[in-house]
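The primary structure of each chain is shown beneath.
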Amino acid sequence: MRALVLGVVGALALSGTALGVGISDDGCLKCHRLRGLSVVDSNNRIKDCSINGALYAHSIHRNVGCSECHDKIEQYPHRPENTQANCANKCHVADPSTKKPFSHERIFETWKESVHGKNYEKAPELYPSCSYCHANELLVDVEKFEALKGSFSRCSLCHENKDWLKDRLSHVASREPIPLIKNGFVHQFVKTRRDGWEIVELCASCHEDREKMEKALKVEGIEDEFEKERVLTAVESYKVTMHSKMLYLDREDNRAPDCLDCHTNKDGNFHDIFHKDDPRSSINVKNIELTCGRSTECHPLAPIKDMKNFATTKWVHMHPIPDSLGQKIVKIIEEFMFWLTTGTLLFAVTIVGLDLLKNLRRKH
């Protein structure tokens, strides 16, 4: 009898774990809540499969059940090919603006047509999927910030459901910098999303991997040597431009463009990255005027006649031309300036060191 009671209580405790943290009770947390739950993949790499239910309950996907995205998992042990999440699924969460089931399908379809998604099925190890760039971020705790407390108090005058209001406010606050108020004044902002340089680093995590990019070029069928060199040196050629230097010196400067500012369309969804020859591309010759002069932070006063040349200038990418005299001169000057600066600094340090040594000897 005792064994039966313990068994029933244990089963209820396990099945109630998901409910206790606000996750739909599809049974996944019975195993995945266990710390250290891991598997070894086909490449002999250990993959952590444990989920912290308490953290998940305070994340962006807190109201979405596991099986709503991992919809191909139907048996245990899970088959590796069925574990990937389907971000285009419609989930039970309703879009408050339309009252329809929420879905990332529109964004997913754009990604499938983009340079990142059109060949994903051919070589998934070479192209970024949703989870490569996006994580299930934790929501902001409204009660920890004075600025959000003020918004909460004001909104609660009309919206009576405090839990609903706190949930919505924390979701919105997780996408915008939060002001920290001290003595009645805003003295700094809390960053809640990637800054421009972090976006550059994210893109560079693939585009600086020469081996990966060379394989991707083969999949794309690009044979032209100049075109291949442009792709392989995209990060390097960006980092030597004024755009990159402005962003590197001040990561919070919204005037300095990162990769997405130029390679996505003004009214797009940040996933519409197409080849430059595609008419839909933001860097297509026909769209350069809108891309480079689309806001006050860019070049709204630049003459239209010069706008088409923007994407070919060294302000955007200083693309190397293989074996060209001009590129060789640039490389020589870069090397000369590097060693000149280094030599000057070493000389200055040596002089200071010798002067210090002379003064020490005089004292003794």
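Residues numbered from 1 in each chain as written. Predicted model: local features only at pLDDT ≥ 70, side-chain atom pairs only at ≥ 80, totals over all residues. Heavy atoms only, no water.

What follows is about the side chain of Arg62. By the secondary structure assignment, Arg62 is in the loop between helix H3 (53–56) and helix H4 (66–69). Residue Arg62 is classed as buried on the basis of its relative accessible area, which comes to 7%. One polar contact links the side chain of Arg62 to the main-chain carbonyl oxygen of Ile60, over a distance of 3.1 Å. Within the local environment of Arg62, its side chain forms a polar contact with the side chain of Asp167, the two groups lying 2.6 Å apart. (Helix = DSSP H or I, 4+ residues; strand = E, 2+ residues; numbered from the N terminus. Buried < 20%, exposed > 50% of the residue type's maximum accessible area, 1.4 Å probe, protein only. Polar contact = N/O pair within 3.5 Å; in protein donor to acceptor, adjacent residues only side chain to side chain.)

What helix H13 (residues 242–249) keeps buried is the set His243, Ser244 and Leu247. In a view along the axis of H13, the buried residues occupy a sector of 95°, so they form one face of it. Of the surrounding elements, those touching the buried residues of H13 are helix H9 (196–207) and helix H12 (234–239). (Arc of directions from axis to C-beta. Contact = heavy atoms within 4.5 Å.)

Core analysis: the biggest nonpolar cluster contains 9 residues, these being Val140, Val142, Phe145, Leu148, Phe152, Leu165, Leu169, Ala173 and Ile178. Leave out the neighbours within four places in its chain, and Phe152 touches Val142, Lys162, Leu165, Lys166 and Leu169. By size, the runner-up hydrophobic cluster in this structure holds 8 residues, among which are Ala88, Tyr120, Ala123 and Ala216. (Core = buried A, V, L, I, M, F, W, Y, C linked by side-chain atoms within 4.5 Å.)

Another aspect to go through is the pattern of salt bridges. Using the criterion set out here, one finds 13 salt bridges in the structure. The partner of Asp167 in a salt bridge is Arg168, with the nearest N and O atoms 2.9 Å apart. The exposure class of Arg168 is partly exposed, given its relative accessible area of 31%. Lys228 is the partner of Glu225 in a salt bridge, and the nearest nitrogen-oxygen pair spans 3.8 Å. Here the residue Glu225 and the residue Lys228 both occupy positions in helix H11 (residues 225–232), the gap between them amounting to 3 residues, near one helical turn. Overall, the relative accessible area of 54% leaves Glu225 in the exposed class. Through salt bridges with shared partners, a single network forms among Arg62, Asp167 and Arg168. (Salt bridge = Lys/Arg side-chain N within 4 Å of Asp/Glu carboxyl O.)

Moving on to the confidence of the model for the protein. The predicted model of the protein has a mean per-residue pLDDT of 79, with 83% of residues at 70 or higher. Scored below 50 in pLDDT, residues 3–22 shows 16 contacts in the model against residues more than four places distant or in partner chains. (pLDDT = per-residue confidence, 0-100.)

What follows is about the UniProt feature "transmembrane region" (unreviewed entry) in the protein. UniProt marks residues 336–357 with the feature "transmembrane region" (unreviewed entry), using the numbering shown here. The distance from the first to the last C-alpha atom of residues 336–357 is 31 Å, and the span holds 100% helix and 0% strand. (UniProt positions renumbered as here; feature names shortened; annotations may be inferred.)

Further remarks concern the packing of helix H10 (residues 210–220) against H11. Running from amino to carboxyl end, H10 crosses H11 at an angle of 140°, the nearest separation of the two axes being 10 Å. What the angle tells us is that H10 and H11 run oblique. For H10 against H11, the interelement crossing comes out right-handed. Here Arg210, Met213, Glu214 and Leu217 of H10 lie close against H11, whose contacting residues are Lys228, Glu229, Val231 and Leu232. (Axes fitted to C-alpha atoms, helices over the stretch in contact; angles between N-to-C directions. Parallel < 35°, antiparallel > 145°, perpendicular 65-115°, else oblique. Left-handed = near helix turned anticlockwise from the far one by under 90°.)

A word on the side chain of Thr264. Secondary-structure assignment places Thr264 in the loop between helix H14 (259–263) and helix H15 (288–292). A relative accessible area of 1% places Thr264 in the buried class. At 2.4 Å, the side chain of Thr264 and the backbone oxygen of Leu260 are in polar contact.

To continue, consider H10. Turning to H10, its buried residues are Lys212, Met213, Ala216 and Leu217. The buried side chains of H10 occupy one side of the element, clustering within an arc of 140° when seen end-on. Seen from the open side of H10, the exposed residues pointing more than 90 degrees away from its buried face are Glu211 and Lys218. Summarising the contacts, the buried residues of H10 are in contact with H9 and H11.

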